Amino acid sequence: MIPSVLPTYSRAPLNFVKGEGSWLIEADGRRFLDLGAGIAVNALGHAHPALVDALKAQAETLWHVSNLYEIPQQQALADKLVDATFADTVFFTNSGTESCELAVKMARKYWYEKGHPEKVEIITFSGAFHGRSSAGIAAAGSEKMTKGFGPMLPGFVHLDWADHDKVVPAITDATAAILIEPVQGEGGIVPLPDQCLKALRDLCDEHGLLLILDEVQCGVGRTGKLFAHEWAGVEPDIMMVAKGIGGGFPLGAVLATEEAASGMVAGTHGSTYGGNPLACAVGNAVMEIVNTPEFLEEVNRKAGLLRQKLEGLVASHPDIFDSVRGSGLMLGLKCKASNIDVVQAGYGQEVLTVPAADNVVRLLPPLTLSDDDIAEAIARLDAAAAQLSAQAA
Ligand SMILES: *Cc1c(COP(=O)(O)O)cnc(C)c1O
């Protein structure tokens, strides 16, 4: 008999009832160190007092009004994002994949309004993940996500990851945009080298294409900059955001330049919940904390510390781990043992990590994790690796 919850997830038998900072407490009382943070969502950890206060205060005042009316919390968050980034304008969504939907629509509408309705194609890359909506799976294009789901939304051209020589020949009169994650998450924590992102920006300028970045996982302080593309010193035309921006409250956004957004006039797009007062109250609190030089500096310091200790961990377990990769607090352990076994051995040591493609274990801890949490993380991962080695022997 089918479970009452549609069985599309393979869930670990863990039932968390409370969260505190970098820790999750199981119903049986065990305390798990959370190095997954809801897959890069709980950017400020669990139950951060500033976020709890923001949500409570808004909940006692006004939960929801339609986008038929002004929403001051939404205006304030849009102003913060515009001030802090390349963007001139923001549309709020509820999730990453909804941000993908709008990014695709916006790029096509841009060219339509410019008198180029033939420009509809978007170039994407292998290993990509843009969520599970029809546009998201068509954009990523992997068989795992698309098989059995009927005709795909047309207009996506899939190229090999970071193979620059393949991009130029793929550009035609029908090309509208290039869409890429500055650091692939689901694909296995694969940072795009800065020179590749710069080269893609140059190509877009040369051929008059829009550059769309998916920063749903790597954005909002995760890599030690507010947004990951800042490391390369280039700016996109359109950017997808979600996950960390809501700190655990469902919230996403599409940021764009005035030019790229010029086709999106009244009536061309909408969302019932997108930019709702509750979500934006929390989003404002997240931005106030994350978008400060002190906070981002701490992310970089802790990322350096964690990475250095992970290098040591890899060196002491050459049978289990191959290498460390990633950017900031978006780190991947490329495994020699099965990544699923490593994640499960972690459960035994009460430490939570997340598997990704390419046999990688992802570490996406709260950006607020402490130095003690880092030491604890290494001790627990070390114990998990030792246990796996002992099992294999
Ligand atoms: C998680 C993710 C998405 C999809 O976000 P949802 O909120 O699950 O729809 C899109 N792109 C990237 C890079 C992601 O990591």
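Residues numbered from 1 in each chain as written. Predicted model: local features only at pLDDT ≥ 70, side-chain atom pairs only at ≥ 80, totals over all residues. Heavy atoms only, no water.

## As for the overall build of the chain
- Along its length, the chain carries twelve helices and 17 strands.
- Dimensions along the principal axes, computed over C-alpha positions, put the chain at roughly 65 × 55 × 50 Å.
- A buried classification covers 52% of the 393 residues belonging to the chain.
- For the chain, long-range pairs separated by at least 24 residues make up 71% of all intrachain contacts whose partners lie at least 6 apart in sequence.
- On the chain, roughly 17,100 Å² of surface is accessible, and the fraction owed to carbon and sulfur atoms is 55%. (Helix = DSSP H or I, 4+ residues; strand = E, 2+ residues; numbered from the N terminus. Buried < 20%, exposed > 50% of the residue type's maximum accessible area, 1.4 Å probe, protein only. Contact = heavy atoms within 4.5 Å. Areas by Shrake-Rupley, 256 points an atom, 1.4 Å probe, with all protein chains shown as cover.)

## Points about the pattern of salt bridges
- Taken as a whole, this structure holds 17 salt bridges when the rule is applied.
- Here D163 makes a salt bridge to K166, at a shortest N to O gap of 2.9 Å.
- A relative accessible area of 24% means that D163 is categorised as partly exposed.
- Linked through salt bridges whose partners overlap, the residues forming this network are D160, D163 and K166. (Salt bridge = Lys/Arg side-chain N within 4 Å of Asp/Glu carboxyl O.)

## Quick notes on empty space enclosed by the protein
- Taken as a whole, this structure holds two cavities of 30 Å³ or more when the rule is applied.
- Around the largest cavity, the lining residues are F125, A162, D163, H164, V167, I180, L192, C196 and L200.
- Looking at the lining of the largest cavity, its residues break down into seven nonpolar, one polar and one charged.
- By volume, the second largest cavity is sized at about 30 Å³.
- Every residue lining the second largest cavity is listed: A40, A43, V216, Q217, G219, V220, R222, K243, G244 and L367. (1 Å grid on protein atoms, 1.4 Å probe; cavity = no way out; pocket = protein on both sides within 12 Å on 5 of 7 lines; lining within 4 Å. Points joined across faces, edges and corners; volume = space filled by probe spheres on them. Nonpolar A, V, L, I, M, F, W, Y, C, P; charged D, E, K, R; others polar.)

## Description of the packing of helix α11 (residues 339-348) against helix α12 (residues 371-392)
- Relative to each other, α11 and α12 sit at 115°, their axes nearing to 8 Å. Read as a crossing pair, α11 and α12 show a hand that is right-handed. For the pair α11 and α12, the contacting residues are D341, V342, A345 and G346 in the first and A384, Q387 and L388 in the second.
- When its residues are assigned to classes, the contact of α11 with α12 shows four nonpolar, two polar and one charged. (Axes fitted to C-alpha atoms, helices over the stretch in contact; angles between N-to-C directions. Left-handed = near helix turned anticlockwise from the far one by under 90°.)

## Topic: the domain arrangement of the chain
- According to the domain assignment, the chain consists of domain 1 (16-34 + 294-392) and domain 2 (50-290).
- Domain 1 and domain 2 are separated by 28 Å when their C-alpha centres are compared.
- On the side of domain 2, 21 residues touch domain 1, which itself brings 20 residues to the contact.
- For the pair domain 1 and domain 2, the two sides together bury roughly 1,600 Å², of which 61% comes from carbon and sulfur.
- Per-residue buried area on domain 1 facing domain 2 is highest for L296, M330 and R362; these three make up 38% of the total on that side.
- Summed over the shared surface of domain 1 and domain 2, the result is one salt bridge.
- A salt bridge links R362 to E186; its shortest N-O distance comes to 2.8 Å. (Domains from an automatic or database assignment. Buried area = accessible area lost by both parts, 1.4 Å probe.)

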